[in-house]
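# Understanding the architecture of this molecule
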Amino acid sequence: MGKNVILINGSPRNGGNSDAVIDLVKRQLEQNGASVEVYRVREHTVAPCVGCDNCKNDDEVCIHKDGAAELIERLYKADSVLLIAPLYYTSVPGTVKVLFDRFYARYNFKKGLKTPSPMRKAGVVFCYGGSPADVLHRAAEYVAYCFRDLGYGSFDAVLCPMCTDKTTFSRIDKYQSNVAALTDWLISGNTDNISGASFGIERDRFAEGSEPPAIAAARQSENSQPTL
Ligand SMILES: Cc1cc2nc3c(=O)[nH]c(=O)nc-3n(C[C@H](O)[C@H](O)[C@H](O)COP(=O)(O)O)c2cc1C
């Protein structure tokens, strides 16, 4: 059976580099028998997480009943996800950050956090101007961290710098071949990523239904504090 892949277009502008990346990736995935959903963040109004913690009760879910809640449920079950986005002030555009904050509705070990599976793959394609490599690595780590909470245990990134006008991506063959390789990897059985880069998500794997080690450690040290 074909893989189920969700493409998130995080660019606020129409007809730019991210749109060109999406066209390429979607075509390639469909040619390989995948079923593809494209979610354009700019076409949705996503209510921001207000930290009410309603989603942390046993039977409760997110108080917001917009399309993002359904997208997050689909993301929770898909085989692969790819974010295609510009870099805005060293990170994802604010609209994408608002969407990712909503993943918190799934951050609930009482309801069973998924153990991140290396077979569920996530990635990012960043089109950007001139920010240095360390900035891009941090931005990619952030994206990997968010998808990891939805159970994606493998991650890779493709960087397309010097995208100074809307057509840069479409003019540079190397960018297109890098994106094509990432797309193949997303639906392949190979869990080693192509870039060989580490995005930090391997550091704190946790077992299904249990707390992530970092949270358990924080809770322990909190309990050992003297109370006033
Ligand atoms: C609000 C804003 C902030 C930006 N911040 C950065 C940045 O921090 N680093 C960078 O390299 N490029 C930055 N850029 C350039 C965009 O990342 C670049 O133009 C990108 O190719 C746009 O992608 P798109 O064509 O898919 O919309 C910024 C652009 C805008 C509009």
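This text goes with the structure placed above it.
My aim in this report is to walk through the structure given alongside it, one point at a time. (Residues numbered from 1 in each chain as written. Predicted model: local features only at pLDDT ≥ 70, side-chain atom pairs only at ≥ 80, totals over all residues. Heavy atoms only, no water.)

The next point concerns unusual backbone geometry. Within the chain, tyrosine 89 stands out as a residue other than glycine whose phi angle is a positive 45°. Among the secondary structure elements, tyrosine 89 is positioned in the loop between β3 (80-86) and α3 (94-101). Phi is positive for threonine 90, close to 70°, though the residue is something other than glycine. Looking at the secondary structure, you find threonine 90 in the loop between β3 and α3. (Helix = DSSP H or I, 4+ residues; strand = E, 2+ residues; numbered from the N terminus.)

Moving on, we come to the state of the cysteines. Per the stated rule, a full pass over the model turns up zero disulfides. Residue cysteine 52 stays outside any disulfide, its sulfur separated by 6.3 Å from that of cysteine 55, the closest cysteine. Given a relative accessible area of 9%, cysteine 55 falls into the buried group. (Disulfide = S-S within 2.5 Å. Buried < 20%, exposed > 50% of the residue type's maximum accessible area, 1.4 Å probe, protein only.)

Where helix α1 (residues 17-31) meets helix α6 (residues 173-186), the axes come as close as 10 Å, and the angle between the chain directions of the two elements is 40°. Between α1 and α6, the crossing angle belongs to the class labelled oblique. Like other packed secondary-structure pairs, α1 and α6 cross with a definite hand, here right-handed. For the pair α1 and α6, the contacting residues are Val21, Leu24, Val25, Gln28 and Leu29 in the first and Gln176, Val179, Ala180, Thr183 and Asp184 in the second. Residues that form the contact of α1 with α6 fall into these classes: six nonpolar, three polar and one charged. (Axes fitted to C-alpha atoms, helices over the stretch in contact; angles between N-to-C directions. Parallel < 35°, antiparallel > 145°, perpendicular 65-115°, else oblique. Left-handed = near helix turned anticlockwise from the far one by under 90°. Contact = heavy atoms within 4.5 Å. Nonpolar A, V, L, I, M, F, W, Y, C, P; charged D, E, K, R; others polar.)

Close contacts around the ligand come from 16 residues, with Ser11, Arg13, Ser18, Leu87 and Ser131 the closest. About the coverage of the ligand: the protein hides 75% of its 650 Å² of free accessible area. Partitioning the shell around the ligand into residue classes produces seven nonpolar, eight polar and one charged. (Near = heavy atom within 4 Å. Areas by Shrake-Rupley, 256 points an atom, 1.4 Å probe, with all protein chains shown as cover.)

For the structure on display, the rule yields one cavity of 30 Å³ or more. As for the largest cavity, its lining consists of 14 residues, and the residues nearest its centre are Cys49, Val50, Cys52, Cys55 and Cys62. Classifying every residue of the lining of the largest cavity gives eight nonpolar, three polar and three charged. (1 Å grid on protein atoms, 1.4 Å probe; cavity = no way out; pocket = protein on both sides within 12 Å on 5 of 7 lines; lining within 4 Å. Points joined across faces, edges and corners; volume = space filled by probe spheres on them.)

The next thing to look at is the side chain of threonine 168. Mapped onto the fold, threonine 168 is located in helix α5 (residues 168-171). There is a polar contact of 3.3 Å between the side chain of threonine 168 and the backbone nitrogen of threonine 164. Among all residues touching threonine 168, those that are not within four sequence positions of it are Asn17, Met162 and Cys163. (Polar contact = N/O pair within 3.5 Å; in protein donor to acceptor, adjacent residues only side chain to side chain.)

Most of strand β1 (residues 4-9) sits inside the fold, with five of its six residues counted as buried. Of the strand pairs in this sheet, β1 and strand β2 (residues 35-40) are connected by six bridges, and their pairing is parallel. Across the sheet, leucine 7 pairs through a bridge with valine 38, a residue of β2. With respect to chirality, the unit in which β1 leads through α1 into the neighbouring parallel β2 is right-handed. The sheet contact formed by β1 and β3 spans five bridges and is parallel. Along β3, the bridge assignment pairs asparagine 9 with isoleucine 84. (Pairing = 2+ DSSP bridges. Right-handed = clockwise from strand over helix to strand, strands pointing away.)

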